[in-house]
Amino acid sequence: FDFIGECETNVGKIVGSRNQVCILDLLDKSKQKSGKLIVRAEKVGENREIFNCRISAKNLPDVHFFSKSSPFFRISKGLEDKTWLKVYESEWYHSNLSPVFKPFEIRVEKLCNGDHLRPLLIELFDHEDNGNHKLLSMTSFTLNQLFKENKTQFPLKDKKGKAGGEIHFVQKSLVTKAEFLEY
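Residues numbered from 1 in each chain as written. Predicted model: local features only at pLDDT ≥ 70, side-chain atom pairs only at ≥ 80, totals over all residues. Heavy atoms only, no water.

Okay, the nonpolar core next. In this structure, Phe51, Ile55, Phe73, Phe104, Leu111, Ile167 and Phe169 are the most contacted members of the largest nonpolar core, which totals 26 residues. Per-element tally for this core: the top contributor is strand β3 (residues 49–58), with four residues. (Core = buried A, V, L, I, M, F, W, Y, C linked by side-chain atoms within 4.5 Å. Buried < 20%, exposed > 50% of the residue type's maximum accessible area, 1.4 Å probe, protein only. Helix = DSSP H or I, 4+ residues; strand = E, 2+ residues; numbered from the N terminus.)

Written as structure tokens, this is what we have:
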């Protein structure tokens, strides 16, 4: 790895920053500014749940003329400042407008800070080898909707709000991981 720069701070400065977002100047070896480091702090509740899931999509938009879209999905959690932070990204499927993605698991602490009412955003993209992935469609949901309301299907919308397919939670479960003292 290449050395970009360094900076020093303390937890008090980060937590005390506006919206708990601290922007620090990076200094290179000659102590010249070489960039910025953005540190975001958020209180996380103790949670030992694991979210296990398998997702499928149907009728995704096709953004190609001679082939079909190659979709993957990204899940982001809503932050207190109304921005989104990516917490999971799936594999992509070549030329498939109705993919069934591989099962995955993620700690609920990472997914939504243990808050089942925290909004989650799922975005489906068309994979591009150059990294300029195209947004196909998206929707938001909560763990509460999946488990308390038992919803398994959500309509997807494109950037303009038009129908963009649907997402299905084919399998879903919450498993509480036991601690050492519980054995």
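We are not done yet, so read on.
Turning to the pattern of salt bridges, a few remarks are in order. Under the criterion given, the structure shown has eight salt bridges. Its salt-bridge partner being arginine 74, residue glutamate 89 comes within 2.8 Å of it at the nearest N-O pair. With a gap of 15 residues between them, glutamate 89 in strand β5 (residues 84–89) and arginine 74 in strand β4 (residues 71–78) connect regions that are remote in the sequence. Of the residues examined, glutamate 89 reaches a relative accessible area of 33% and is grouped as partly exposed. The salt bridge involving arginine 107 is made with glutamate 109; its shortest N-O contact spans 3.7 Å. Taking relative accessible area as the criterion, arginine 107 reaches 45% and is therefore assigned partly exposed. A network of salt bridges, in which partner residues are shared, links Asp25, Lys33 and Lys36. (Salt bridge = Lys/Arg side-chain N within 4 Å of Asp/Glu carboxyl O.)

This next bit is on the side chain of serine 70. As for its placement among the helices and strands, serine 70 is situated in the loop between β3 and β4. Of the residues examined, serine 70 reaches a relative accessible area of 7% and is grouped as buried. Residues in contact with serine 70, not counting those within four places in the same chain, are Trp92, Tyr93, His94, Ser95, Phe125, Asp126 and His127. (Contact = heavy atoms within 4.5 Å.)

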